[in-house]
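So the chains spell out like this:
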Amino acid sequence: MIRRLASRVPAGALRSGKAAAVYFGTSALNAIVPLLLLPVLTARLTPADYGTVALFQAVSTLANVFIYFGMGSTVMRSMTVGPEHERRDYVASALVIIVAVFAATTFLGWGVDALAGPIAGLSVLWFTLAIATGGFMSLNQLYLIVLQARMQAVSFSFVQIGTAALNVGLTLLFVVSMNEGWQGRVSAIVLSFAVSGVAGILYMAVRREIGRPSVKHIKDAAQLGGATLPHSLLNMAMAVADRFLLNIFFSDSVVGVYAVGSQLASGIMFIGQSIHGAVQPQGLKMIAAAKTEAQRRRLGKIAVAIVGLILVMSIAYVVVVAVFAPSHIDPKFHDFKQYFFLLSIASIFQSIYFIFSYPLFYYRATKVLATTGFILAAVFAAVSLGGIYVFGSIGVSLGIVSARAGLLGVAVHYALKLTAIGPSPSVSSNAVAQTHG
């Protein structure tokens, strides 16, 4: 009977279900590992030290988004709905873009340090290393997105877990054994992503999974990736600008306490990302195949079911953290709770956004993405600055919630509009389904 029921399940759905289980297990482990480090780090580091680490990671994250240059959805689109014989060459072309932007950004990091370094609270050396770390993260992400597109969930998990394990091992070595403080923690982050990113690209090259770059594919990848870059960069800037604002208006100690609350809230993001990683390849294919109203409604029902799953899991996570986290974190960081609940709401909005973003990338709604990024950046700045004036440091959390709520609203609106059956939706001149432009 079980075999008979299994035979009725579509192959794509069954494969996505298996991938979801693996992605979720991996993401859960990746979410737990950093949290397990919190008792160690909060005991060994002061709030100011932890704040410096958070600022380093903020610079790395921003550099990563810029260096990656929107290649995630671009490569995913090519690897799932693009011509199969061009996929290896497209990956090579994306790699050329990443390496070129990586080199240019790291070099320019020395020049902008005089302005950005004080805001980030980092010296020239650490500021430049933070940018380089963002580049290594981009190399790692390119390898992961190829594995994800091919639905090689086990390999994807191996890379993710290996990177996390290396990060933890180096952290314990530098921070606990060698007592290197925040410099030890930062060094562990740099080395873990450097090893993982370079090793992944070399492995793909040895297995001949990287073809030959072409001007055609470089132009196409740069066009789509560059058009979505303002959206991605501003979205990420909103996610990390809170640390810079807190550093400017308050102190790195406040940043450290805030970062603990943010890190705990980000566990919800792992829930959304695990589901997103499993369903994105199949989701793009289903959007491409949705030619009737019944198929469109099926997409909607699946999206609603996924949203329900994210909400249930997120609420359970918040309850567990609120009950158990305070007893395992050093008392000098206990004010994290005033930020945690608001940031958890923002993380839920972002996790749901992932599911509704597929039509925007499939139909290449680049103008919508770029315009939304700029508008929401303005919303974030206005609400955060106003919130700081009225509520103090917690006001930054209100800016994050407002911006991500707006992002989700835009994604839901255009997801419904773009997947409507009938004449081609008029969103922008670029919002049309194409193979490679």
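All values reported here derive from a predicted model rather than from experimental measurement. Sequence order as written defines residue numbering, which begins from 1 separately in each chain. Only residues with pLDDT of 70 or above have their local features reported here, since the model is predicted, and side-chain atom pairs are shown and tallied only from 80 upward, although totals for entire chains, interfaces and linings are computed over all residues. Excluded from the side-chain calculations are hydrogens and water; all other atoms, namely the structure's heavy atoms, are used.

S.K.: Explain the overall build of the chain to me, and be specific about the residues and the numbers.
M.R.: Each helix corresponds to a stretch of at least 4 residues labelled H or I by DSSP, and each strand to a stretch of at least 2 residues labelled E; elements are numbered beginning at the N terminus. Scanning the chain from N- to C-terminus turns up 16 helices and 0 strands. Contact between two residues is taken to exist if any of their heavy atoms lie within 4.5 Å; hydrogens are not considered. For the chain, contacts bridging at least 24 residues in sequence account for 83% of all contacts bridging at least 6. Working definition of accessibility: Shrake-Rupley area with a 1.4 Å probe, residue cover restricted to the visible protein chains. Accessible surface for the chain amounts to roughly 18900 Å². Of this, 69% is attributable to carbon and sulfur atoms.

S.K.: Outline unusual backbone geometry, listing residues and values.
M.R.: Located in the positive-phi region is Asn-179, a residue other than glycine, with phi close to 55°. Of note, Asn-179 is situated in the loop between α7 (153–177) and α8 (181–206). The exposed category is assigned to Asn-179, whose relative accessible area is 57%. A positive phi angle is found at Arg-208, which is not glycine, with a value near 55°. A simple rule labels every residue: compare its accessible area, found with a 1.4 Å probe on the protein chains alone, to the largest value its type can have, and call it buried under 20%, exposed over 50%, or partly exposed in between.

S.K.: Explain the packing of helix α6 (residues 124–149) against α8 to me, and be specific about the residues and the numbers.
M.R.: Between α6 and α8, the shortest axis-to-axis distance is 8 Å and the interhelical angle comes to 35°. Between α6 and α8 the crossing geometry is left-handed. Looking at the contact of α6 with α8 residue by residue, the class counts come to 17 nonpolar, 7 polar and no charged. In this analysis, axes come from line fits to C-alpha atoms, helices being fitted only over the stretch in contact, and the angle between any two N-to-C directions falls in the range 0 to 180 degrees. In this scheme the crossing of two helices becomes right-handed for a clockwise turn of the near helix relative to the far one and left-handed for an anticlockwise turn of less than a right angle. As a working rule, the residues Ala, Val, Leu, Ile, Met, Phe, Trp, Tyr, Cys and Pro are called nonpolar, Asp, Glu, Lys and Arg charged, and the rest polar, with Gly in that last group.

S.K.: Tell me what's going on with the packing of aromatic side chains, and back it up with residues and numbers.
M.R.: In this scheme Phe, Tyr and Trp rings, the latter by its six-membered ring, pair at centre separations within 6.5 Å, and the angle between planes marks the pair as stacked below 30 degrees, edge-to-face above 60, and tilted otherwise. Taken as a whole and assessed by the stated rule, the structure comprises 8 aromatic pairs. Note on Phe-102 and Phe-136: the rings are 5.5 Å apart at their centroids and 85° apart in plane angle, and the pair reads as edge-to-face. Here the residue Phe-102 occupies a position in helix α5 (residues 87–120), and Phe-136 occupies one in helix α6, the gap between them amounting to 34 residues. The rings of Phe-56, Trp-126 and Trp-182 are connected pair by pair, giving a single aromatic cluster.

S.K.: How would you explain the nonpolar core if you had to name every residue and give the values?
M.R.: Here the nonpolar core consists of buried residues drawn from Ala, Val, Leu, Ile, Met, Phe, Trp, Tyr and Cys, with membership extended through side-chain atoms lying within 4.5 Å. Residues Met-71, Val-75, Leu-142, Leu-264, Ile-355 and Phe-356 are the most contacted members of the largest nonpolar core, which totals 124 residues. When residues in this core are grouped by element, the largest group, 15 residues, is from α6. Ignoring anything within four residues of it in the chain, the contact list for Leu-264 reads Leu-35, Leu-38, Tyr-317, Val-321, Ala-325, Ile-329, Phe-336 and Phe-340.

S.K.: So what's going on with α6? Residues and values would help.
M.R.: Residue pairs three or four apart in sequence face the same way in an α-helix, which turns once every 3.6 residues. Any helix carries an expected span of 1.5 Å times its number of residues minus one. The end-to-end C-alpha separation of α6 is 38 Å, in line with the 38 Å expected for 26 residues at 1.5 Å each. Looking one or two places after α6, you find Met-151, whose phi comes out positive at around 60°.

S.K.: Before we move on, could you go through the side chain of His-217 and cite the residues and values that matter?
M.R.: Here His-217 is to be found in helix α9 (residues 215–249). Taking the relative accessible area as the measure of exposure, His-217 reaches 5% and is therefore buried. Look past the residues within four positions of His-217 in its chain and what remains in contact with it is Glu-86, Asp-89, Tyr-90 and Ser-93.

S.K.: I'd like a description of the pattern of salt bridges, backed by residues and values.
M.R.: Any two side chains of opposite charge can pair, on the condition that their charged atoms come close. By definition here, a salt bridge exists when the distance from a side-chain nitrogen of Lys or Arg to a carboxyl oxygen of Asp or Glu is within 4 Å. Applying the stated criterion across every chain yields a total of 5 salt bridges. Close ionic contact of Lys-216 with Glu-86 constitutes a salt bridge, the shortest N to O distance being 3.3 Å. Of the two residues, Lys-216 sits in helix α9 while Glu-86 sits in the loop between α4 (71–81) and α5, which places them 130 residues apart along the sequence. Residue class for Glu-86 comes out buried when judged on its relative accessible area of 13%. The salt bridge partner of Asp-330 is Lys-332, with a shortest N-O separation of 3.1 Å. The exposure class of Asp-330 is partly exposed, given its relative accessible area of 23%.

S.K.: Can you tell me about a nonpolar patch on the surface, naming the residues and giving the values?
M.R.: Each patch groups residues whose relative accessible area exceeds 30% and which form no salt bridge, using 9 Å between like charges and 5 Å between nonpolar side chains of Val, Leu, Ile, Met, Phe, Trp and Tyr. A grouping of Leu-311, Ile-315, Val-319, Val-320, Val-323 and Phe-324 is seen on the molecular surface, where their side chains present a nonpolar patch of about 550 Å² in accessible area. Mapped onto the secondary structure, Val-320 falls in helix α12 (residues 293–324).

S.K.: Outline the environment of Phe-244, listing residues and values.
M.R.: Looking at where Phe-244 falls in the secondary structure, it is placed in helix α9. A relative accessible area of 14% means that Phe-244 is categorised as buried. Residues Phe-244 and Ala-54 lie 190 residues apart in sequence; the distance between their C-alpha atoms is 9.7 Å.

S.K.: Residue-level account of the packing of α7 against α8, with values.
M.R.: Remark: α7 packs on α8, axes separated minimally by 8 Å, with the N-to-C direction vectors making an angle of 150°. The orientation of α7 relative to α8 falls into the category roughly antiparallel. Regarding α7 and α8, the two cross each other, and that crossing is right-handed. Residues Val-159, Thr-163, Leu-166, Asn-167, Leu-170, Thr-171, Phe-174 and Val-175 of α7 pack against Gly-181, Gly-184, Arg-185, Ser-187, Ala-188, Ile-189, Leu-191, Ser-192, Phe-193, Val-195 and Ser-196 of α8. Tallied by class, the residues present in the contact of α7 with α8 amount to 10 nonpolar, 8 polar and 1 charged. Each angle receives one of four descriptions, namely roughly parallel if under 35 degrees, roughly antiparallel if over 145, roughly perpendicular if within 65 to 115, and oblique otherwise.

All quantities given are derived from atomic positions and should not be read as evidence of function.
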